[in-house]
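Each chain, letter by letter, is given below.
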Amino acid sequence: MSQVAEVIVDVPTMQTNTPYSYLIPAALTTPLLPGMRVIVPFGNGSRKVQGFVWQVHEQVPTTHELKTIDSVMDLSPVLNKELLAMADWLAKTTFAFTITVLLTMLPNALKAAYERWATPNSDLDPASKKRLFGEQEKIELTDKLPAAQLNELMGLYRKHEISVTYEVKSKGHVKQVTMVKPAMSVAELQEAKQQLRITAVKQADLLDYLVTQTDLISQPALEKTLGITSTVIKNAAEKGWLTRFQAEVYRDPLSRAVDKTRPLHLNEAQQKAVSAICAATDDHEDTTFLLEGVTGSGKTEVYLQAIANALEKGQNALMLVPEISLTPQIVGRVRGRFGKQVAVLHSGLSAGERFDEWRRIDRGEARVVVGARSAVFAPLTNIGIIIMDEEHEASYKQDDNPRYHARDVALWRSRYHHCPVVLGSATPSLESRARAQKNRYQRLLLPTRVNQQALPEATIVDMTQELQKHAESTFSSPLMAAVNDRLAKGEQTLLMLNRRGYSSFVMCRDCGFVLKCPNCDISLTLHMDSHSMKCHYCGHEEPIPQICPNCHSHHIRYYGTGTQKVETELKQLLPTARILRMDVDTTRRKGAHERLLRQFGNHEADILLGTQMIAKGLDFPDVTLVGVLNADTALSLPDFRSSERTFQLLTQVSGRAGRAQKPGQVFIQTYNPEHYAIQLAKSQDYERFFLTEMKLRHQGNYPPYYFAVKVTASDVEERVAAAAIHQIAAQLQAGMSQSAIVLGPTPSAIARVNKRYYYQLVIKYKQEPQLSALLFNLLNQAQKNRKGLQIAIDNNPMSFM
Ligand SMILES: Nc1ncnc2c1ncn2[C@@H]1O[C@H](COP(=O)(O)OP(=O)(O)OP(=O)(O)O)[C@@H](O)[C@H]1O
Ligand SMILES: [Zn+2]
Ligand SMILES: [Zn+2]
């Protein structure tokens, strides 16, 4: 009896969590294993798609005929047993399709590239054939072909005069290089040298080199070392002196060398934390630790020593950091300690670099993985410790399918590997802190700074009063006085402009017209560098208007304060100060972020002006002043987490000041000086914030007291989206208990994005055993019913907006 493979196929419009059955070709020489990629025929006709083998079993009699697997793309599985089990769990808990989860776990290089090729049929007239195909047997159908040619080909396809076939290719390319090694014995090589003409200097050099060669060397490196051309090496190969062969090399994303560091002598609190974590690693306990340490308390050193312990015990380590490209300092520290054993995974890598780092992990060559959100899927085996730095960061949650939180995946892996997880933060998320309260997590405290200094002293500046004193300025007088003081002392300043929920836009002073995106319900943002107006949601771009499109007035004004505008103002106020600006515009190019931080670290600037990206992780000893230009832009967002976000951001950025010998100072400019999030950030009182906020969450029936699910329906037609969400609301309500609370349905905060209308509802509940099945039902229905309508389900959403 033949074998059958259950395959999860990659067909975007036909998603289901049920695998399809395929016969395994008898001619297959290596066994087919779960986790291998295959190419299978799908649907009618010649369509080929990529799929992942989910299970293999003996054929059972069926009524319908099974198709056969076309070909196998891998010699060994790209997804191991753990990752397959994880995919199954993740699909169920995030209401995603298994294929979406599998594709999220793998580097892009392992995803399929689909190609369409046209071949002439026998009844295609020779003239057309010659014109369209020339001497070629087939041509690839891409959007690069001229539209007229493409149209003609599609017409012929409909008349069956040409055929179209699909090919599936793996995108990943292994980088190869030519290596050189001696092919003769020392005596033979020396003999060859004797035979040389006296003028053949280069050849003599090469023979000398080959006689003493110990390590393998690549041909380009050899040419460079000896200053010879490739012809010399080619001739040498022909004479049989050396052989050349292809070897695989890794693209190294970390071009800069990092200084080696040694473990620091720990203080008492650090020592206690490290001991507890190491004991859990050694005893194979899946304990979750919440490492709560004030800013500058030396959490990183705790992580590094816990990782070192795992490595000593022969185990591997996974360390997650938020948006790694934003925290090059952290990566440098891990590499400084563990060198080449470290692999780095983040979105700033090219596809090739990412693929190579992934393979180094897969082959067990890298034993420490540092990476952003998706690194939680690294194919690391035998994990002895998992660390999640800045565990409260929103970027750990993916806001697209599958809508997973890296923390949940980390906890799942900890149970799988029987190893501890360390969640570290100066401002833990309310969820994690609440779990520690209930002893589900074990709390570890680093209550003081390593330098024995107090946390920086913070001053709240009431901007409503400042406005009355002097005309519109981004900078209050106390903050300016402090900046001037630092300039005089040669110390450094960080200035943060909070951009969340905020943008610079264009408004007509005569009629109040605001330029909006034609595709989305949101105003366009002014970008001075490209001299254009851009939509941050769909990418729409248009010129800056000179006259009002509505009333033709010339009184167009720019509102809001972008970093560029602040920089200009700052330069006018402080003509001698050296200012670096860090925002999306100045960090777009690869490595730009790192370069700016290096310049600042080298004292090439006095002031670093930036967006939220300067709030986290930076550790510069000479920064003694932090200024927050606008503390409250996030407070005005209608969301249950807005206070938490504001408190976290202010505490984090304040913590950048006074981290070494000199004391730090912080100024927080705000229009809400009495707000508890701002007051408690001033005193850096996390405990009081936690208790205050928990009380409010309790009163409002919000997480962590309630679970929440957000359901969104979107369609190009507004009434379709609205009707769908109302129907969903009715359907869910019928299946849930009385105690569940439904917010909405309402239009989403941004009701139209990219020409689609969004409607949503949020369910808050304590216990609803039926809910999961109800939601999956919705998803499957939506899949079947309408092409345009999309349903998105966000379990434990980061915001209700
Ligand atoms: N035991 C120690 N002895 C001396 N210096 C230390 C020790 N532990 C940490 N440090 C130093 O103290 C500084 C602050 O540590 P680190 O950056 O790890 O703090 P953190 O808790 O991660 O802070 P944040 O949350 O603000 O990023 C670093 O420069 C680090 O090298
Ligand atoms: Zn106008
Ligand atoms: Zn738009």
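Above this text is the structure in question.
This one's a predicted model, so the numbers in the text were calculated from it and none came from an experiment.

Peer 1: What should I look at first to understand the site of ligand 1 in this one?
Peer 2: With respect to spatial proximity, 19 residues lie near ligand 1, and among them T295, G298, K299, T300 and E301 are the closest. The dominant element in the shell around ligand 1, judged by the number of residues it contributes, is helix α10 (residues 299-312), at 3 residues. The residue inventory of the shell around ligand 1, partitioned by class, reads 4 nonpolar, 11 polar and 4 charged. Counting only domains with at least three residues in the shell around ligand 1, you end up with domain 4 (268-446) and domain 5 (457-502 + 560-693).

Peer 1: So what exactly am I meant to see when it comes to the pairing of strand β15 (residues 342-345) here?
Peer 2: Side chains on a regular strand alternate between the two faces of the sheet. Alternating residues of β15 divide into V342 and V344 and A343 and L345, and every residue in both groups is buried. Where β15 and strand β16 (residues 368-371) come together, 4 bridges link them in parallel fashion. Along β16, the bridge assignment pairs V342 with V368. Tracing the backbone out of β15, into helix α12 (residues 351-362) and back to the parallel element β16 gives a crossover that is right-handed.

Peer 1: Would you mind going over the pairing of strand β10 (residues 176-182) with me for this structure?
Peer 2: Pairing between β10 and strand β12 (residues 242-248): 7 bridges, direction antiparallel. Pairing of M179 across the sheet is with F245, part of β12. Bridge count for β10 against strand β11 (residues 217-218) is 2 bridges, and the pairing is antiparallel. Directly across from V180, in β11, lies its bridge partner I217.

Peer 1: Before we go on, may I ask you to explain helix α16 (residues 477-489) in this structure?
Peer 2: Side chains of residues three or four places apart in an α-helix project in the same direction, reflecting 3.6 residues per turn. Under the 1.5 Å per step criterion, the end-to-end length of α16 is 19 Å for 13 residues, consistent within 8% with the ideal 18 Å. All of the buried residues along α16 are L479, A482 and V483. Seen end-on, α16 carries its buried residues on one side only, within an arc spanning 100 degrees. The outward face of α16, more than 90 degrees from its buried face, is lined by the exposed residues S477, A481 and A488. Buried residues belonging to α16 abut β20 (457-462), β21 (492-496), β29 (623-628) and β30 (665-670). Just beyond α16, the residue with positive phi is G490, at close to 75 degrees.

Peer 1: Would you mind going over helix α18 (residues 592-601) with me for this structure?
Peer 2: Within the sequence span of α18, burial applies to L596, L597 and F600. Here the buried residues of α18 occupy an arc of 95 degrees about the axis, which is enough to place them on one side. Buried-residue contacts for α18 involve α11 (328-338), β27 (579-582) and β28 (607-610). H603 sits one or two residues past α18 and shows a positive phi near 65 degrees.

Peer 1: Teacher, can you tell me more about the sheet that holds β15 here?
Peer 2: As summarised here, the arrangement of the 7 strands in space is β15-β16-β14-β17-β18-β13-β19, forming an open sheet in which the pairing is parallel. With partners counted over all chains shown, the strands left at the sheet margins are β15 and β19 (442-446), one partner each. Strand-to-strand twist of the sheet, defined as the mean angle between neighbouring strand axes without regard to direction, takes the value 20 degrees. In the sheet, strand β14 (residues 316-320) pairs with β16 via 4 bridges, with the strands oriented parallel. Among the inter-strand pairings, L320 is bridged to a residue of β16, identified as G371. Packing against the sheet, helix α13 (residues 406-417) makes contact with β13 (288-293), β14, β17 (383-389) and β18 (421-425), and its axis sits at approximately 165 degrees to β17.

Peer 1: Which parts of the structure should I look at to understand unusual backbone geometry?
Peer 2: Trans is the prevailing form of peptide bonds, just as negative phi is the prevailing case for residues other than glycine. Here the bond from P703 into P704 is cis, since omega is 5 degrees, no more than 30 degrees from zero. Tracing the backbone through its elements, the reader meets P704 in the loop between α21 (686-699) and β31 (707-715). Cis geometry marks the peptide bond from G744 to P745; its omega dihedral reads 5 degrees. Structurally, the position occupied by P745 is in strand β32 (residues 741-753). Even without being glycine, H603 reaches a positive phi, approximately 65 degrees. Here H603 shows up in the loop between α18 and β28.

Reading the values: the criteria
Note that residues are indexed from 1 along each chain, following the sequence as it is written. For this description, chains carry letters from A and ligands carry numbers from 1, given in the order in which they are written. For a predicted model such as this one, the threshold for reporting local features is a pLDDT of at least 70, and the threshold for listing and counting side-chain atom pairs is 80 or more; totals across whole chains, interfaces and linings nevertheless cover every residue. Each residue receives a C-beta atom built from its backbone; the residue is near a molecule or strand if that atom lies within 6 Å of it. Think of it this way: any DSSP run of H or I at least four residues long counts as a helix, any run of E at least two long counts as a strand, and we number them from the N terminus. Residue type decides the class: Asp, Glu, Lys and Arg count as charged, Ala, Val, Leu, Ile, Met, Phe, Trp, Tyr, Cys and Pro as nonpolar, and the leftover types, Gly among them, as polar. Each domain's limits were defined by an automated method or a database of domain assignments. Backbone-placed C-beta atoms define the burial measure: a residue is buried with 20 or more other C-beta atoms within 10 Å of its own, exposed with 12 or fewer, and partly exposed in between. Two strands pair if DSSP finds at least two bridges between them. Whether a crossover is right-handed depends on one test, that the path from the first strand over the helix to the second runs clockwise when the strands point away from the viewer. Here, expected helix span is obtained from the residue count minus one, scaled by 1.5 Å. To obtain the arc, one takes the directions from the helix axis to the C-beta atoms. Once C-beta atoms have been placed from the backbone, residue pairs whose C-beta atoms lie within 7 Å are recorded as contacts. Lines are fitted to the C-alpha atoms to define the axes, a helix being fitted only along its stretch in contact, and any angle between axes, read from their N-to-C directions, falls within 0 to 180 degrees.

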